[in-house]
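# An overview of the molecular structure
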Amino acid sequence: MPEAGTASNLSGARSPDPDRQQNSPARAGFHPLWSDMPRELGLVAHYGFKPPGVEHDLRSMQDFLSGQFSGRYTPRDSFQVHATIVYLGRVDEVDLEAVRRLAREWRSTFTQTLDIQFGGMLSVADPGIQTARTFDVASNWCLVHGWPVVSTTGGLHAKGDLAVMRRSVERFGFRHLYHDVSPFGDPNCYMKVGSLDGEPGPRSDIIEVRSYLAAHPFRLSVTYQDLVVVAYDDTTLPPERTVAVSLEAVAADPRAWDSFDLSRIS
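The following paragraphs examine the structure supplied in this document. These figures come from a predicted structure and were not determined experimentally.

## Examining the overall build of the protein chain
Along the backbone of the protein chain there are 6 helices and 14 strands. Taking all 266 residues of the protein chain together, 49% fall into the buried category. Taking all contacts inside the protein chain whose residues are at least 6 apart in sequence as the whole, residues at least 24 apart take part in 81%. Total accessible area on the protein chain is roughly 12,000 Å²; 51% of this is exposed by carbon and sulfur atoms.

See the structure below:
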């Protein structure tokens, strides 16, 4: 996540005015190390090295995309691939104490693993979910969509847990950009797995990728310990220009922010 613009603050400003931001006073909880830096903050899962099984599944899918799009596809480095949870805002406008309060609440409430499945055959357990839409191309990015699943005697069912989680952050002053994609919020987990050179091509290519995912589903298990707050100025999150701290550390240590030298990405 986070790609800039995947959420807005509660004021509803999706593209905040830079001049207003430059002259605005620091909010409560704003860390001085982060002043005058046009950074973004996001909450993501599994940024960095992946579990071996996830790495294998990701590379298999990227290999398929390379073949499907005839050399026009560039896979994203697996280290940089992540699951977007919610965009928090620009560093110079985010109340870091609000992030800490969110981290502490989720430490108590996020106690069950989210088993997110990409692909396969899923029934819909909650409204607002379109399980056929497992792959899309947007602004030349290749996106895979998944949902938390629960297994019953009737099969696998896609759940709207992420929509509930995203609505819960509004209490802390954050709002997911796509909160209004349906009356039920945004239940999708999405990952940018690569990019295309030029237009995606015929609709049949998208259908072929969705068919591949239907036959080759993979899962991403997300726990509280997998959540990371990232500060970045490049939406692709290259490690040399990204600062990351676990949500667990944010909740536990009032000085968690202090261990990061953001000047290296200035």
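## Focus on unusual backbone geometry
Positive phi, close to 50°, is recorded for Ser70, a residue that is not glycine. Summarising the element assignment, Ser70 is placed in the loop between α2 (52-68) and β3 (73-75). Given the relative accessible area of 62%, Ser70 is considered exposed. Here Asn140, not a glycine, exhibits a phi torsion of approximately 70°, which is positive. Topologically, Asn140 is positioned in the loop between β7 (135-138) and β8 (141-152). In this structure Asn140 comes out as partly exposed when scored by relative accessible area, which is 32%.

## Quick look at the nonpolar core
By size, the foremost hydrophobic cluster in this structure holds 55 residues, and its most contacted members are Leu43, Trp106 and Leu227. Broken down by element, the residue count for this core peaks at 6 residues, all from helix α3 (residues 96-109). Ignoring any residue separated from it by four or fewer positions in sequence, one finds Trp106 in contact with Leu43, Ile85, Met165, Ser168, Val169, Tyr224, Leu227 and Leu247. Core analysis: the next-biggest nonpolar cluster, separate from the first, contains 7 residues, Tyr47, Tyr87, Val230 and Leu237 among them.

Definitions and limits used
Residues numbered from 1 in each chain as written. Predicted model: local features only at pLDDT ≥ 70, side-chain atom pairs only at ≥ 80, totals over all residues. Heavy atoms only, no water. Helix = DSSP H or I, 4+ residues; strand = E, 2+ residues; numbered from the N terminus. Buried < 20%, exposed > 50% of the residue type's maximum accessible area, 1.4 Å probe, protein only. Contact = heavy atoms within 4.5 Å. Areas by Shrake-Rupley, 256 points an atom, 1.4 Å probe, with all protein chains shown as cover. Core = buried A, V, L, I, M, F, W, Y, C linked by side-chain atoms within 4.5 Å.

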